[in-house]
Amino acid sequence: MGTQTDLAVEAQGLVKIFGTNRAVNGVDLKVPKGAIYGVLGPNGAGKTTTIQMLATLLRPDGGSARVFGHDVVKEPHRVRQLIGVTGQYASVDETLSARENLFIFGRLLGLSRAQSRSRAQELLEEFDLSEAAKRPLKQFSGGMRRRLDLAASLISQPPLIFLDEPTTGLDPRTRAQMWNTIRHLVQTGSTVLLTTQYLDEADQLADRVAVIDRGQVVAEGTVDTLKSSIGSASLRLELADAADLDRALAIISGVLNTTAIERTPRGRLTVPLADAEQVADVLIGLRHAGIAITAMSVEKPTLDAVFLALTGHGANTEEVVLS
Amino acid sequence: MNITNSRGLSQSVRHSLTMAHRTLLKIRRTPEQLADVTFQPIVFTLMFTYIFGGAIAGNVSSYLPLIIPGLLVMTVITTSIQTGVQLREDMDTGVFNRFKALPIARIAPLAGALLADTVRYFIATTLTIAMGYLMGYRPHAGFGDVVLAGLLVIASAWAMSWIFAFFGVIARTASSVQGISMIILFPLTFLSNALVPSQTMPHWLQIFVKINPISHLVTAIRDLANTGSVNSNLAISLLGAAIVVLIFAPLTVRAYMRKA
Ligand SMILES: Nc1ncnc2c1ncn2[C@@H]1O[C@H](COP(=O)(O)OP(=O)(O)OP(=O)(O)O)[C@@H](O)[C@H]1O
Ligand SMILES: [Mg+2]
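A few points on the structure. Every chain is numbered independently, its residues counted from 1 as its sequence is written. Here the convention is simple: chains get letters from A, ligands get numbers from 1, in the order in which they are written. Predicted model: local features are reported for residues with pLDDT of at least 70 only, side-chain atom pairs are reported and counted for 80 or more only, and whole-chain, interface and lining totals are derived from all residues. As a rule here, side-chain values cover all heavy atoms of the structure and leave hydrogens and water aside.

### Let's talk about the overall build of chain B
Next, step 1: Comment: elements are numbered from the N terminus, with helices defined as DSSP H or I runs of at least four residues and strands as E runs of at least two. When you go through chain B residue by residue, the secondary structure sums to twelve helices and zero strands.
Next, step 2: Each helix and strand of chain B, ordered N terminal to C terminal, gives the series α-α-α-α-α-α-α-α-α-α-α-α.
Next, step 3: As defined in this context, the radius of gyration uses C-alpha atoms, and a globule is described by 2.2 Å times the residue total to the power 0.38. Radius of gyration (C-alpha) of chain B: 20 Å, near the 18 Å computed for a compact globule of 260 residues.
Next, step 4: Over its C-alpha atoms, taken along the principal directions, chain B stretches across nearly 70 × 35 × 35 Å.
Next, step 5: Each residue gets one of three labels from its accessible area relative to the maximum for its type: buried under 20%, exposed over 50%, partly exposed in between, using a 1.4 Å probe on protein chains only. Among the 260 residues that make up chain B, the fraction classed as buried is 50%.
Next, step 6: The contacts in chain B between residues at least 6 apart in sequence include a share of 79% that link residues at least 24 apart.
Next, step 7: Every accessible area reported is derived by Shrake-Rupley at a probe size of 1.4 Å, with residue values counting cover from the shown protein chains alone. Counting only carbon and sulfur atoms, one obtains 71% of the accessible surface of chain B, whose full area is about 11700 Å².
Next, step 8: Positive charges come from Lys and Arg alone, negative charges from Asp and Glu alone, with His and the N- and C-terminal ends not counted. For this purpose, a charge sits on NZ of Lys, CZ of Arg, CG of Asp or CD of Glu. For chain B, the separation between the mean place of its 18 positive charges and that of its 8 negative charges on side chains is 10 Å. The criterion used for residue contact is that any of the two residues' heavy atoms lie within 4.5 Å.

### Quick look at the pattern of salt bridges
Next, step 1: For this analysis, a salt bridge means a side-chain nitrogen from Lys or Arg found within 4 Å of a carboxyl oxygen belonging to Asp or Glu. For the structure shown, the criterion picks out 21 salt bridges over all chains.
Next, step 2: The closest approach of N and O atoms between E165 of chain A and K47 of chain A, which form a salt bridge, is 3.6 Å. One end of the pair, E165 of chain A, is in the loop between β7 (160–164) and α6 (172–187); the other, K47 of chain A, is in helix α1 (residues 47–54), and 118 residues separate them in sequence.
Next, step 3: Assessed through its relative accessible area of 3%, K47 of chain A is described here as buried.
Next, step 4: The salt bridge partner of E100 of chain A is R28 of chain B, with a shortest N-O separation of 3.7 Å. A residue pair is termed interchain when its members come from two chains, as with E100 of chain A in helix α3 (residues 98–108) and R28 of chain B in helix α1 (residues 9–29).
Next, step 5: Judged by its relative accessible area of 63%, R28 of chain B is exposed.
Next, step 6: Via salt bridges that share partners, D93 of chain A together with R22, K26 and D90 of chain B belong to a single interconnected network.

### Section: the interface of chain B and chain A
For an interface, size is often stated in terms of accessible area lost upon the parts coming together.
Next, step 1: Counting residues at the interface gives 29 residues for chain B, matched by 37 residues for chain A.
Next, step 2: Interface of chain B and chain A: buried area, both sides summed, is about 3000 Å²; carbon and sulfur atoms make up 60% of it.
Next, step 3: For the interface between chain B and chain A, the tally reads five salt bridges.
Next, step 4: Within 3.5 Å is the distance limit for a polar contact, defined as a pair of N or O atoms, with the added protein rule that one can donate a hydrogen and the other accept it, and that residues adjacent in sequence qualify only through two side-chain atoms. Applying the counting criterion to the chain B and chain A interface returns eleven residue pairs in polar contact (both at pLDDT 80 or more).
Next, step 5: For the side of chain B that touches chain A, the element with the most residues is α1 of chain B, which contributes ten residues.
Next, step 6: Only Asp, Glu, Lys and Arg are considered charged in this grouping, and only Ala, Val, Leu, Ile, Met, Phe, Trp, Tyr, Cys and Pro are considered nonpolar; every other residue, Gly among them, is considered polar. For the side of chain B that touches chain A, a count of residues per class yields ten nonpolar, ten polar and nine charged. The term buried area denotes the loss of accessible surface (1.4 Å probe radius) that occurs when two parts are joined, taken as the sum for both partners.

### Observations regarding helix α6 (residues 108–116) of chain B
Residues and elements named next belong to chain B.
Next, step 1: Burial within α6 is extensive, with seven of its nine residues counted as buried.
Next, step 2: Turning to α6, its buried residues are A108, P109, L110, G112, A113, L114 and A116.
Next, step 3: Check the buried side of α6 and you find it contacts α1, α4 (81–91), α5 (95–101), α7 (118–134), α8 (143–170) and α12 (232–259).

So, in structure tokens, the structure goes:
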């Protein structure tokens, strides 16, 4: 039954309008079966809104979307049987214990009492929650809540799992654990669509990435393509004399064959760098031209840099972070 | 994989029962939720009986057959306001987002909440009657009729809870649900024959008291518990309860589905 398709998600021209705010403004997505697909974007880009439409939680104001060939608006009940959703904010019962939460969700998903109980036990062990299983969630740490949240989405081993910012707010160790869990999900045959604000997370996990900004997809492809479009690193220079800015840029462009992604009137420059060895060439070029610098650093590409390169404006988040 | 685009009735019932189970688990985790159904029957019964007993019926023991059925109705129906308040609080928590994404009957969380709350009405009913008994109330009708009277109160409170569930679904905050519900319930319960006979009231008020459905329910309970008689008041009460459900259940469900 259902339409044969190789796509887990296929969205065309999705639109969601809140008042006058076009939160999602014509998003197209094609998520292949069995992939980890990353949706990358800054605060307010429309990531959560997009996921909510795909997960039948919000009705699109325009466009259409299919999950394994089933229309999310016309066949929501079918779609819900194929997905697991872990929202950006905890969606488990605060007053209940971890075990009780999983038990109730299991029952709602059609498992018998005994099945629900044993599935809850399995997931508690798998997600390292056994010790705290009986305590009400109010006493849980953020990381434990996040893990339980994910566990609750996996009770029926759904073929498609939505994860909205699965690692935001987790410490590095828990974050790495979460990454492993996500990889494991895909190895066992699921498709994962996750959102993130971190380029390195997309880098670590995703096969393909869509970068969205202001409700639109501004770039799509593998992480490698995305990164090579802005260089694998960036070089940041501070000139002693801001008057040298144009001259310095000309020299840099000559060596690196790119233009600056950031320049400030005070004399600071950021340029994409395909190869770290080129730094020496740039510095020698500047010395020959008699341009003095006060500081220099090489940084890995940041989400901010991706945005600058792709959209011409900053990601305007405080948390844009570099790996 | 066997997936369908609709859910059968038996599935909806099962999901609702699971939701009711969830509410009961929550009560077990936070038993303070039961404070109102525990203390109110005890405090109200003591307070009203000793305050009004002498003045209205000459002494406490002859007031008991009048007041206990009246308080029973007042207390249990007041309890049903909490259904709306708790529904609002519950719908504001994150777990409701997950319910929406699960392949379950949309109505299950609502139906489960209403179902589980009958436990609260049961507690309030039992405690009020037990308090009456401790204070010397001996209903003349047999045990069976008192149980029947209790069931009638529980059924009526359940019917009324649809009204408050409706406010719970449409209101924005839990405290506003409480507020609106009190405004409706206060005149209905106090401007009735629950605490005092209506004969001493001014004429215009008597008219209201007479048509007030709560008065019919109180009279039906009194007659049933005190004399074992089944009369038109019982029929009117059941009819009234049915009408409330017929109007408010669809309204509530519609409003709920729009939000869910
Ligand atoms: N229920 C809502 N009502 C009104 N506006 C909303 C609503 N939900 C989201 N928005 C707006 O839609 C835009 C996109 O929000 P969305 O939550 O999808 O962004 P996001 O990419 O998930 O951001 P974040 O990284 O902060 O989670 C924002 O401008 C937000 O203010
Ligand atoms: Mg979001």
